[in-house]
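Geometric and topological summary
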Amino acid sequence: MKKQKKTHQLRRIARYFPHFNNFIVERISDQQDKKPRLDEKIVLPSEGIPFEVFTVCNLGKNASIHLVDIEETILQSMRIIRRECKMAGCSSYRVPPLIISRLARGGKTTALMALFDALKSSAEFLPIIVSFNSSANFDLVDDENNEETILRAIATQFYNNLPFKPNEIVFDKAKVLAFLDEAGKSFSGGVVLLIDELNALSRPLDRAGARFLQKEFLDHPNRYLVFTSHVLMTLESNYKNLDELLGTVSSRTYRTVHMPQCFDLNELRKMPRCAALTKSFVSLCSGIPSLIYSVISLREETLTDRFNRLGLTISALEHRTVLSDFVGEVLYGVRSASASCRRFDCLSTIVGVEKIQWPLFYIGCICKLFTKFDSSVFIGRLICRDLLIYSQTEEGGKDWEVIITVATILRSLYSNLYGTLGPFNLCPINIYPNVKCISTDLITLDEVLEVVTNFYSTTNTSTILTVSLEYNKFADFDLLVCYGKLNSYICDGYQMKLNRTYPKRDIPVGIRQGLVFRSKEPAHDKLKSGWRYLSEDEIVQFSGFSLAQLISSCHGDVPDADDFE
């Protein structure tokens, strides 16, 4: 009786969905032994299929209500899709997928939904979107390979209202692909498969899944593949074809697009509950609208809680190795060949090919993990404690001071780890100096230089010393950066407070040079001896790849006067 009742139910389902032709839907039951088994087949009527059944996902419109800086992302994506769809099937060219790789709450799903809407509205393409995001409630099935899971996910898009659970449906592969062929003929651009959080399915994909996506959506004419991932993942790094191994064909690369980023407070404050948003908090999030939105508007986890939940650790033996790779990647943006930093990828954004960036706050969180390096922990305190507290109220440029100080310490650490010249050629090459960071609230330069002199009188190892000047009316300088050992040192003075005017006097005795981080030079008659007025390009180069994205937004016009001593 149970079997007859179930068969009757399945026939009713088939009767209510007459517009699917030539498909066999296999109903899977796991009620007896918890293992999927074929229970019944439904042969659906062979009537014409309205292709709009594939466009049932309208989440993009819902998610797009408060989008910021999404236009360029969509324009670049559409441009890539139009170009690569035409190249698919060309034997001399390996079509690369479009990968949207960014940290959690970085706006990947929102961008994918908006792209779905754009593809649908264009009438050139048939977009199919599937998601392995935890919020999609798409359950994996035991003993199912990645290809079968992806096919099952595509099959769920055949319904406006799925009549049974996604893990209870399997479509015949040949008939699904035949349908895609027909669909491709009906749309001038072709079929575009959009996959949200492919990394949640498997990282890396198994051989079957990787080959399926390559063959059916990259090498097949009039089809294309776009997917999002928390971390960079390709379809070929672990499953290379023999021709590629022999060097007869090139490896397949990937495409990326601009991801939303905004430092315009007026625009960002239009998001719900963001009216009191501060410039410093925007800098902490590196201007990522969705990250700001998740913390401020949705009131989800704080940035600190989100990082702590990951449970990232570094063993004592690998501190120097991992820090070397991390500092190099933050400064130069080039993904290290070593795997040591890949544990942090879920906090990053992929920019271009093999370039990587981290938000300012997560740079601080990661730096705090290197407890064997006091200067790295100092960076963590500056960002995750001082600037975070400061960002809770309206302010006038603390983020700019922190960014330049962090860049200085990172450059000093890079000298320690790689033997480079240090900040602005401060030390000789191949010295590998120690790095020490201190703060002081002393109010005169003579007092501070006495502290520096005492430090080097007892230091017999080459050391870079950074001195943060906390007295808020300190004359001329905001940071001193010194190098030396055993009663001998040189010292540079940095000026970067946004409420300072240009230097009022020549460089004082005891300072090698003064550096002004404001990107503009004063009128010729206001130039003072010993000062170097850095251009924006010089500041960007000094700050490094991850921090450079913050530069143009952080410093404004130089005031004509100030009340500093």
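Structure report, in brief.

Conventions used here
- Residues numbered from 1 in each chain as written.
- Predicted model: local features only at pLDDT ≥ 70, side-chain atom pairs only at ≥ 80, totals over all residues.
- Heavy atoms only, no water.
- Helix = DSSP H or I, 4+ residues; strand = E, 2+ residues; numbered from the N terminus.
- Buried < 20%, exposed > 50% of the residue type's maximum accessible area, 1.4 Å probe, protein only.
- Contact = heavy atoms within 4.5 Å.
- Phe/Tyr/Trp six-rings, centres within 6.5 Å; stacked < 30°, edge-to-face > 60°.
- Lys NZ or Arg CZ within 6 Å of the ring centre and 35° of its normal.
- Pairing = 2+ DSSP bridges.
- Axes fitted to C-alpha atoms, helices over the stretch in contact; angles between N-to-C directions.
- Core = buried A, V, L, I, M, F, W, Y, C linked by side-chain atoms within 4.5 Å.
- Parallel < 35°, antiparallel > 145°, perpendicular 65-115°, else oblique.
- Left-handed = near helix turned anticlockwise from the far one by under 90°.
- Nonpolar A, V, L, I, M, F, W, Y, C, P; charged D, E, K, R; others polar.
- Arc of directions from axis to C-beta.

With that settled, the discussion passes to the overall build of the protein. Each helix and strand counted, the protein has 20 helices and 15 strands in total. Burial status across the protein gives 54% buried among its 565 residues. The contacts of the protein with a sequence gap of at least 6 include a subset with a gap of at least 24, amounting to 66%.

In terms of residue burial, strand E4 (residues 125–131) counts as a mostly covered element, since seven of its seven residues are buried. Residues Phe 125, Pro 127, Ile 129 and Ser 131 of E4 are buried on one face, and the alternating residues Leu 126, Ile 128 and Val 130, pointing to the opposite face, are buried as well.

A word on the packing of aromatic side chains. For the structure shown, the criterion picks out 17 aromatic pairs. The ring of Phe 217 has Arg 223 lying over it, and the distance from NZ or CZ to the ring centre is 5.9 Å. The aromatic ring of Phe 545 is capped on one face by Lys 355, whose charged end is 4.6 Å from the ring centroid.

Spatially, the six strands line up as an open sheet ordered E10-E11-E12-E13-E14-E15, and their pairing is mixed. At either end of the open sheet lies a strand with only one pairing partner, and these are strand E10 (434–440) and strand E15 (531–535). Each strand of the sheet is rotated relative to its neighbour by a mean of 20°, with strand direction disregarded. Sheet analysis places strand E13 (residues 488–495) next to strand E14 (residues 513–519), joined by four bridges and oriented parallel. Across the sheet, Tyr 494 pairs through a bridge with Leu 515, a residue of E14.

With 138 residues, the main nonpolar core has Leu 213, Phe 344 and Phe 517 as its most contacted residues. Here Phe 344 is in contact with Leu 312, Ile 314, Val 322, Phe 326, Trp 358, Ile 366, Leu 369 and Phe 370, once residues within four sequence places are set aside. If you look at the next biggest cluster of nonpolar residues, it comprises 20 residues, including Leu 445, Val 448, Leu 449 and Val 516.

Here the focus is the sheet that holds strand E6 (residues 190–196). Read across the open sheet, the four strands follow the order E3-E7-E6-E4; overall the sheet is parallel. A strand with exactly one partner marks an edge of an open sheet, and here the two such strands are strand E3 (98–101) and E4. With direction set aside, neighbouring strand axes in the sheet form an average angle of 15°. Contacting E3, E4, E6 and strand E7 (223–229), helix H3 (residues 71–87) crosses the sheet at an angle of about 140° to E7.

It is worth spelling out the packing of helix H13 (residues 319–332) against helix H16 (residues 398–418) at this point. Where H13 contacts H16, the two axes come as close as 10 Å, and the packing angle between them is 130°. Classified by the angle their axes make, H13 and H16 are oblique. In the packing of H13 onto H16, the handedness of the crossing is left-handed. Together, Arg 320, Leu 323, Ser 324, Asp 325, Val 327, Gly 328, Val 330, Leu 331 and Tyr 332 of H13 and Leu 410, Arg 411, Leu 413, Tyr 414, Asn 416, Leu 417 and Tyr 418 of H16 make up the contact between the two elements. Within the contact of H13 with H16, the residues separate by chemical class into 10 nonpolar, three polar and three charged.

Attention now goes to helix H12 (residues 303–310). Taken as a whole, H12 has its buried residues at Leu 303, Arg 306 and Phe 307. Seen from one end, H12 has its buried residues packed into an arc of 95°, which puts them on one side. Positive backbone phi, at 65°, marks Gly 311, one or two positions downstream of H12.

Looking now at unusual backbone geometry. Its identity is not glycine, yet Arg 273 carries a phi of approximately 60°, on the positive side. Tracing the sequence through the fold places Arg 273 in the loop between helix H9 (265–268) and helix H10 (279–284). With a phi angle near 50°, Phe 424 is a residue other than glycine that sits in the positive phi range. Assignment of secondary structure puts Phe 424 in the loop between H16 and E10.

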